[in-house]
Amino acid sequence: TEAIAAKKHEIWLAKFRTLEQQENETVVQHDLKPTKVGLTMGEAIHHINRYKADDAVLVTDVGQHQMIAWRYFNYKKTRTQVTSGGLGTMGFALPATGRSGGSDALRLIRYEPTVWLVEGDASPLSAILSDDGAVTAIGGGIVRLRLSGPGWRTLLMEGGVFDAEDPAFSAGCSAATIIDHVNVRLHVISEDACDAYVPLSFSAGLLHFWEEAAPSL
């Protein structure tokens, strides 16, 4: 470091101070003292600041969650933020067990703590996991069957032992069960639709079973 000349960067820092003041006037104060109805993200974190301990650890989702946390959370100590991929990471956080995350382009469905189903371009995952896990391409080995309409929950319980009518089993939830002696993994798409992931060798038989059962429900 002795070979590096000290720089004060006064012009650069002065520009930052000007922008910080503009941000405070146009964004921060409006968030902390809003005139609109409802609670802003800034207000929520401001109230947390009033009651939290100095060593409280903040855990954030990605994207805007990180940026709002950086702007409003009153950090007192280092190493008190847990987040994904550094500040400003875009995308989505890893879902909890029994939940899903992502979009139509890439969706992660988590059935067990270490068992996931990935739909979409999973090519970057091998490098990310490294020696901590493995990505296995199942391709045509699994068939996705979509059950839709107001009776899909009742249909799922035909030949199975899964309580699909539990209100907690809502959009974004996932589960593994046995239906008509077939291992099935479920993912709720919406209130009126659920995807069932079925081994290819059993898919035609299970589809026939559902088609036969549906008219009598």
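Residues numbered from 1 in each chain as written. Predicted model: local features only at pLDDT ≥ 70, side-chain atom pairs only at ≥ 80, totals over all residues. Heavy atoms only, no water.

Draft legend 1. Focus on the sheet that holds strand S8 (residues 182–190). One open sheet holds the four strands; their spatial order is S6-S9-S8-S7, and the pairing between them is antiparallel. Both edges of this open sheet fall to strand S6 (142–148) and strand S7 (174–179), since each of them pairs with a single strand only. The sheet shows a mean angle of 30 degrees between the axes of neighbouring strands, direction not considered. With six bridges connecting them, S7 and S8 associate as antiparallel partners. Pairing of Ala175 across the sheet is with Leu186, part of S8. (Pairing = 2+ DSSP bridges. Helix = DSSP H or I, 4+ residues; strand = E, 2+ residues; numbered from the N terminus. Axes fitted to C-alpha atoms, helices over the stretch in contact; angles between N-to-C directions.)

Draft legend 2. A look at the side chain of Arg110. In this fold, Arg110 is placed in strand S4 (residues 106–112). This buried residue, Arg110, is left without a salt bridge; Glu112 holds the nearest opposite charge, at 9.5 Å. Here the side chain of Arg110 touches Pro95 through a polar contact of 3.0 Å, landing on its backbone oxygen. Here Arg110 is in contact with Pro95, Ala96, Thr97, Gly98, Arg99, Val115, Trp116 and Ser174, once residues within four sequence places are set aside. (Buried < 20%, exposed > 50% of the residue type's maximum accessible area, 1.4 Å probe, protein only. Lys, Arg positive; Asp, Glu negative; His and termini not counted. Salt bridge = Lys/Arg side-chain N within 4 Å of Asp/Glu carboxyl O. Polar contact = N/O pair within 3.5 Å; in protein donor to acceptor, adjacent residues only side chain to side chain. Contact = heavy atoms within 4.5 Å.)

Draft legend 3. Expanded view of the nonpolar core. Membership of the largest hydrophobic core comes to 21 residues, with the highest contact counts inside it found for Leu156, Phe169, Val184, Leu186 and Trp210. When residues of this core are traced back to their parent elements, those giving at least two are S6, helix H5 (152–156), S7, S8, strand S9 (193–199) and helix H6 (200–213). In contact with Phe169, not counting residues within four places along its chain, are Trp152, Arg153, Phe162, Ala164, Ser174, Ala175, Leu186 and Val188. With seven residues, the next largest nonpolar core counts Val28, Leu58, Ile68 and Ala69 among its residues. (Core = buried A, V, L, I, M, F, W, Y, C linked by side-chain atoms within 4.5 Å.)

Draft legend 4. Looking closely at the pairing of S9. Extensive coverage of S9 is indicated by the burial of six of its seven residues. Bridging between S6 and S9 involves seven bridges; their strand directions are antiparallel. Note on S9: the bridge partner recorded for Arg146 is Asp195. Pairing between S8 and S9: five bridges, direction antiparallel. What sits directly across from Val188, in S9, is Cys194.

Draft legend 5. Focus on the pattern of salt bridges. Inspection of every chain in the model, using the stated rule, returns five salt bridges. Of the charged contacts, one joins Arg153 and Glu191 as a salt bridge, the two residues approaching to 4.0 Å between their closest N and O atoms. Of this pair, Arg153 sits in helix H5 while Glu191 sits in the loop between S8 and S9, and the two are 38 residues apart along the sequence. Classification of Glu191 as exposed rests on a relative accessible area of 55%.

Draft legend 6. Looking closely at the packing of aromatic side chains. Counted under the stated rule, the structure contains four aromatic pairs. Here Trp12 and Phe16 contribute two aromatic rings whose centre-to-centre distance is 4.9 Å and whose plane-to-plane angle is 80 degrees, an arrangement assigned as edge-to-face. In this pair, Trp12 and Phe16 both sit in helix H1 (residues 10–32), four residues apart, roughly one turn of the helix. Relative to Phe169, the ring of Phe162 has its centre 4.9 Å away and its plane inclined at 75 degrees; by these criteria the two rings are edge-to-face. Across the pair, exposure class does not vary: Phe162 and Phe169 are buried alike. A network of ring pairs unites the aromatic residues Trp152, Phe162 and Phe169 as a single cluster. In this structure, Arg185 packs its charged tip against the face of Tyr111, placed 5.1 Å from the ring centre. (Phe/Tyr/Trp six-rings, centres within 6.5 Å; stacked < 30°, edge-to-face > 60°. Lys NZ or Arg CZ within 6 Å of the ring centre and 35° of its normal.)

Draft legend 7. The side chain of Asp31, seen in detail. You can see Asp31 is positioned in helix H1. Within the buried set, Asp31 has no salt-bridge partner at all; the shortest N-O distance to an opposite charge, 4.7 Å, is to Arg71. Excluding anything up to four places from it in sequence, Asp31 contacts Thr40, Gly42, Glu43 and Tyr72.

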